[in-house]
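Breakdown of the fold
Residue-level listing of the chains:
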Amino acid sequence: MITRRRLTQLGSLVALSATFGCGRRDRGAVLWTLVMDVVFGMARDMRAESSALVADLRLLSSKPSAEQLRSAQAAFTRTTLAWKQASAFRSGAFVSSNAFQRAAFWPARPALIDNVLANVEPIDEPRVEALPVDARGLYALEYLLFDVKSADRMARSHDPQGARSRAYALELGANVHGYASRLLRLLGDGTDYAKSFASADKASVDALVAQAIDTLAIVAGKFDRIERAQRENLPLPFAVEGYFSKSSHQIALSIVNGTRLLYLGAKRGGLSDLVTAVSKPIDEHVRAAFQAAEQRLSALNTPLETALTQQPQRFHAAAAAVRELRHVLEVEMQSALAG
């Protein structure tokens, strides 16, 4: 005979099972929409900005001028920030395409780049693809566009060395665009990857959590490297990502923004929804930590290496906010999503 107490227990078990089943379905839906709304959007932005960069470099190559150089520099910065934002996601085609390893390797080696310029071999697609990673990609292009001596040559129309620099820059831009296009081709329309990512369920959630924590450690490391370079008088081009373009603070902010996008998602939600289902106060704390880190980074409004000497309080406040965000993700977000 089934007692009233036993009926109550069975009813509770059914309700609990239904709740967990719904949670699993919701988790899959969140993962699917993250890929379609955020990850796929990042890949599209990478290719769009890379395409615009190539167009500017082509104009610079055909009609060199100081004005067109500035336009190409601005396009470079937009492209780099799109790539850095997308670097917060490191799974699937973002890895198998080799895009980040080949087109966004840092640091570039100015000596190797200068050797390419001094050589007489034609600079074409096969030549660039055969170069070592520290003589090509976004950061080799950064050196060509922003290093004072190189940039001056690039803007001069009747300088043979400038013409070679422009040819090199154009091929580098095309190579970067090629890798962005390859990544997007591998993703297709995103639906197959979204389905497989969602079907991995908890493994995908765990991967996103681990990536977020690791990404914030990378950003925190940028502050540490700059302090060490100043303390030990090390060369800044090898300590500061974005040194030549003076974009180190924007790069750090873009990486944090990418991590936040994966947490909040777009209109259809993100990891935040899964955390809220466990604890709304934890979600609110994570959101507040993201906001604090982004506000502190935005308040610098100057390269990190400059901020360290000219705005040390703001530099250290931004570094502390990034470390606090990482701590909140590692302790609170990870705990909330561990079940």
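Everything discussed here concerns the structure shown above.
Residues numbered from 1 in each chain as written. Predicted model: local features only at pLDDT ≥ 70, side-chain atom pairs only at ≥ 80, totals over all residues. Heavy atoms only, no water.

Two measures define how a pair of helices packs: the angle their axes make with one another and the distance between the axes. Between helix 11 (residues 202-232) and helix 12 (residues 248-264), whose axes approach to 10 Å, the crossing angle comes to 170 degrees. With respect to each other, helix 11 and helix 12 are oriented roughly antiparallel. Handedness of the crossing formed by helix 11 with helix 12: left-handed. The segment helix 11 lies against helix 12, with Ala-212, Thr-215, Leu-216, Val-219 and Lys-222 engaging Ile-251, Ala-252, Ile-255, Val-256 and Thr-259. Each residue belonging to the contact of helix 11 with helix 12 can be placed in one class, and the counts come to seven nonpolar, two polar and one charged. (Axes fitted to C-alpha atoms, helices over the stretch in contact; angles between N-to-C directions. Helix = DSSP H or I, 4+ residues; strand = E, 2+ residues; numbered from the N terminus. Parallel < 35°, antiparallel > 145°, perpendicular 65-115°, else oblique. Left-handed = near helix turned anticlockwise from the far one by under 90°. Contact = heavy atoms within 4.5 Å. Nonpolar A, V, L, I, M, F, W, Y, C, P; charged D, E, K, R; others polar.)

Right, let's get into the side chain of Arg-136. Residue position: Arg-136 is located in the loop between helix 6 (125-130) and helix 7 (137-146). Residue Arg-136 is classed as buried on the basis of its relative accessible area of 3%. Polar contacts involving the side chain of Arg-136 include one to the main-chain carbonyl oxygen of Glu-129, which spans 2.4 Å. Within the local environment of Arg-136, its side chain forms a polar contact with the backbone oxygen of Leu-131, the two atoms lying 3.3 Å apart. Look past the residues within four positions of Arg-136 in its chain and what remains in contact with it is Arg-102, Val-128, Glu-129, Ala-130, Leu-131, Leu-172, Asn-175 and Tyr-179. (Buried < 20%, exposed > 50% of the residue type's maximum accessible area, 1.4 Å probe, protein only. Polar contact = N/O pair within 3.5 Å; in protein donor to acceptor, adjacent residues only side chain to side chain.)

Moving on, we come to unusual backbone geometry. Of note, the amide linkage connecting Trp-106 to Pro-107 takes the cis form, showing an omega dihedral of 5 degrees. Considering the arrangement of structural elements, one finds Pro-107 in the loop between helix 4 (99-103) and helix 5 (110-118). Phi is positive for Asp-201, which is not a glycine, with a value near 55 degrees. Within the fold, Asp-201 resides in the loop between helix 10 (191-199) and helix 11. Not every positive phi belongs to a glycine, and Asn-301 is a case in point at roughly 50 degrees. Note on placement: Asn-301 falls in the loop between helix 14 (280-300) and helix 15 (304-310).

Now for the packing of aromatic side chains. Within this structure, the stated rule accounts for 10 aromatic pairs. Residues Phe-94 and Phe-100 carry aromatic rings whose centres are separated by 6.1 Å and whose planes lie at 20 degrees to one another, so their mutual orientation is stacked. No difference in accessibility class separates Phe-94 from Phe-100, as the two residues are buried. Considering the side-chain rings of Tyr-143 and Phe-244, the 5.3 Å spacing of their centres and the 75 degrees angle between planes classify their relative orientation as edge-to-face. In this pair, Tyr-143 sits in helix 7 while Phe-244 sits in the loop between helix 11 and helix 12, placing the two residues 101 residues apart along the sequence. Across this residue pair, the class does not change: Tyr-143 and Phe-244 are buried. Members of the aromatic cluster, each reached through a chain of ring pairs, are Trp-83, Phe-89, Phe-94, Phe-100, Tyr-193 and Phe-197. (Phe/Tyr/Trp six-rings, centres within 6.5 Å; stacked < 30°, edge-to-face > 60°.)

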